[in-house]
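Chain residues, written in single-letter form:
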Amino acid sequence: MLAKRTHLIASIFFLVSVAALTALADRNGYEGDDLNSILPMLHLDQAKRGELLIYRYGWQPLAYEVGAAVFWITRTPSAIFLLAPIAGAISLTLLLLTAWGDKRSWWGLGKALVALLAIPELWFSGLYFNSTVLGLPFACASMLLLRWRAGPASFLSGLLLGIATLMRLDLGLAVGVFSLLAWKQSRSLREVLLFNCAVFVTIGASYFAGLFNPYEILDIFAASTREMADKAQSLGWDLRTKLGVLSVMFSPLGWVILLLGGPIAALRCYQERKIVSLVWVVAIAPVCLPLPNLLSVKYAVPLLMFFPAILVECLSSAERAVSARFRKWPLFISGAATAGLLFFSASFYGRAPYLMLETRASRQVGTHDGTRSYGGYFWQMFAVGQGTELTPHQEFAQKVLGELREVNGPDIVVAGNENFFNPGGAGWRDLQLSLEADGIHGSVVAPHTIQFELNGRRLTLIRDVPAKIEALLDRGRGLKVYDLRDELRSE
């Protein structure tokens, strides 16, 4: 009976997930890279020609193209922000179905829910715009197809993984694991070849369409590697930071399930199928490549998408390890712990009292995509989009927007930087977002120069201030210049 209600349960889970993620999602810029990605989408053709800064287009080309198409249709950047919670909810639903297994029991559903909630980043990644979560639904759909309908669906599954890779290149690292899944389900080399052919057909077509540029990818990889090496000893980039990020890949409960049930499950698998077990280790190695330099759990999502099913197997192994009388206890305890971790967090210290249990973590773990903690996940998710105050740069953006709405007054020039993380960058991006979100759309009038007009007033965002700025931009109304590169100084 429950198997017949699978689609209904999955639909309810999706609706609850998308409602929760949308309600809590950020729409103002959460971690800098989101604004560096979204705002070039508003003038994507010019950005691709080098007239505006574009952030790692080659690493996520299809995410840029999709975002630009959404903006062209809706004319608001808010719609681009909403892609994340929608994609996140779809991914979570597909992962629920994958982890639930084939028997479709209430017991299995409970274990699948516990497993999903034990991997907080699968939820966090749906709260702010990033290309990983945009590619994740395609990768999850590919995995689900291989598990359910290996054979005729192998080619379609390969197409989906190819699309996921174009959304976010890291997801392509999973091609080995997916190939093994295709073999496991069909025991046919033909299906493996079909799957891989589809992946390479998709990537090849994107190359001829101008989306996929291997030379740009190599340049991005080289620049990222140099940055990691140059900053390896800096605060926020050092080994301590990386270990902290690794520690929050799973919730405390997730680590307990993995450490207790994992060895039992691995030993049983090795005893039954030794060679296959070794092949799995080799296949999964590429998706583990980001782990030694992990500065954000988001970069481990191509690996973490396999763990809902793995955690379910670990939990099942723990159940089998206890006597029949207590076999239900692991899931009951895990369910209670999962509910508790949604609202209560553990904070660890190197001195007394060493451990504190509280609602909001007093000692959080810093990552390059915001802070994380060992529990209290609801409060932390709430803080992403709803529980934070405006930054000084966001307040400045609202102030300038108010000035522009005034009928009389001089034209405004704001000098800054297109990169959120450079001096003057946060102010530029926050102001550009505020203007576009308010329906005041800009035009690229020169390289790294965007102009906005409202009721006869003009605002110019400019990267390089010319020596004779008045002669170039003063239309007789006067100019008010803000130089954000000099700590929001007005002159």
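Keep in mind that what you see is a predicted model, and the values were worked out from it rather than measured. (Residues numbered from 1 in each chain as written. Predicted model: local features only at pLDDT ≥ 70, side-chain atom pairs only at ≥ 80, totals over all residues. Heavy atoms only, no water.)

Visitor: I'm lost on the overall build of the protein chain in this one. Help?
Guide: Looking only at helices and strands, the protein chain has 22 helices and eleven strands in total. The C-alpha radius of gyration of the protein chain comes to 25 Å, within 12% of the 23 Å expected for a compact globule of 491 residues. In terms of overall dimensions, the protein chain has a C-alpha envelope of 85 × 60 × 45 Å along the principal axes. Within the protein chain, buried positions represent 50% of all 491 residues. (Helix = DSSP H or I, 4+ residues; strand = E, 2+ residues; numbered from the N terminus. Rg over C-alpha atoms; globule rule 2.2 N^0.38 Å. Buried < 20%, exposed > 50% of the residue type's maximum accessible area, 1.4 Å probe, protein only.)

Visitor: Just to check I follow, could you spell out unusual backbone geometry for this structure?
Guide: Apart from glycine, the bulk of residues carry a negative phi angle, and the bulk of peptide bonds sit in the trans form. The backbone phi angle of R56 is positive, close to 50°, even though this residue is not glycine. Mapped onto the secondary structure, R56 falls in the loop between α3 (44-48) and α4 (61-74). In this structure, H448 is a non-glycine residue whose phi angle is positive, near 60°. When its relative accessible area of 13% is taken as the criterion, H448 is described as buried.

Visitor: What exactly am I supposed to notice about helix α18 (residues 329-343) here?
Guide: An α-helix turns once per 3.6 residues; consequently, residues spaced three or four apart project the same way. Over its 15 residues, α18 extends 22 Å from the first C-alpha to the last, a length consistent with the 21 Å expected when each residue adds 1.5 Å. Three or more residues of α18 are buried, namely P330, L331, S334, T338 and L341. Down the axis of α18, the sector holding all buried residues measures 90°, keeping them to one side. For α18, the exposed residues set more than 90 degrees away from the buried face come down to I333 and A336. (Expected span 1.5 Å × (residues − 1). Arc of directions from axis to C-beta.)

Visitor: I tried to follow the pairing of strand β7 (residues 443-446) on my own but got confused; where do I start?
Guide: Consecutive side chains of a regular strand alternate in pointing toward one face of the sheet and then the other. Pairing geometry for β7 and strand β8 (residues 449-454), over three bridges, is antiparallel. Note on β8: the bridge partner recorded for A446 is T449. Counting the residues in the hairpin turn of β7 and β8 gives two residues, including H448, whose phi is positive at 60°. (Pairing = 2+ DSSP bridges.)

Visitor: Would you take a moment to explain the packing of helix α1 (residues 6-24) against helix α5 (residues 77-100) for this structure?
Guide: For any two helices packed against each other, one specifies the crossing angle of their axes together with the interaxial distance. Contact geometry of α1 with α5 gives a least axis separation of 9 Å together with a crossing angle of 145°. Like other packed secondary-structure pairs, α1 and α5 cross with a definite hand, here right-handed. Taking contact as the criterion, the partners of T6, I9, A10, F13, F14, S17, V18, L21 and T22 in α1 are, on α5, L82, P85, I86, G88, A89, I90, L92, T93, L96, L97 and W100. Residues belonging to the contact of α1 with α5 are distributed by class as follows: 15 nonpolar, five polar and no charged. (Axes fitted to C-alpha atoms, helices over the stretch in contact; angles between N-to-C directions. Left-handed = near helix turned anticlockwise from the far one by under 90°. Contact = heavy atoms within 4.5 Å. Nonpolar A, V, L, I, M, F, W, Y, C, P; charged D, E, K, R; others polar.)

Visitor: Looking at this model, I keep getting lost on the confidence of the model for the protein chain. Mind explaining?
Guide: As a general rule, the predicted coordinates of low-pLDDT regions are not to be interpreted in detail. For the protein chain, mean pLDDT is 90; residues scoring 70 or higher make up 96% of the total. At the low end of the mean pLDDT range in the protein chain sits strand β11 (residues 489-490), at 43; at the high end sits α4, at 97. (pLDDT = per-residue confidence, 0-100.)

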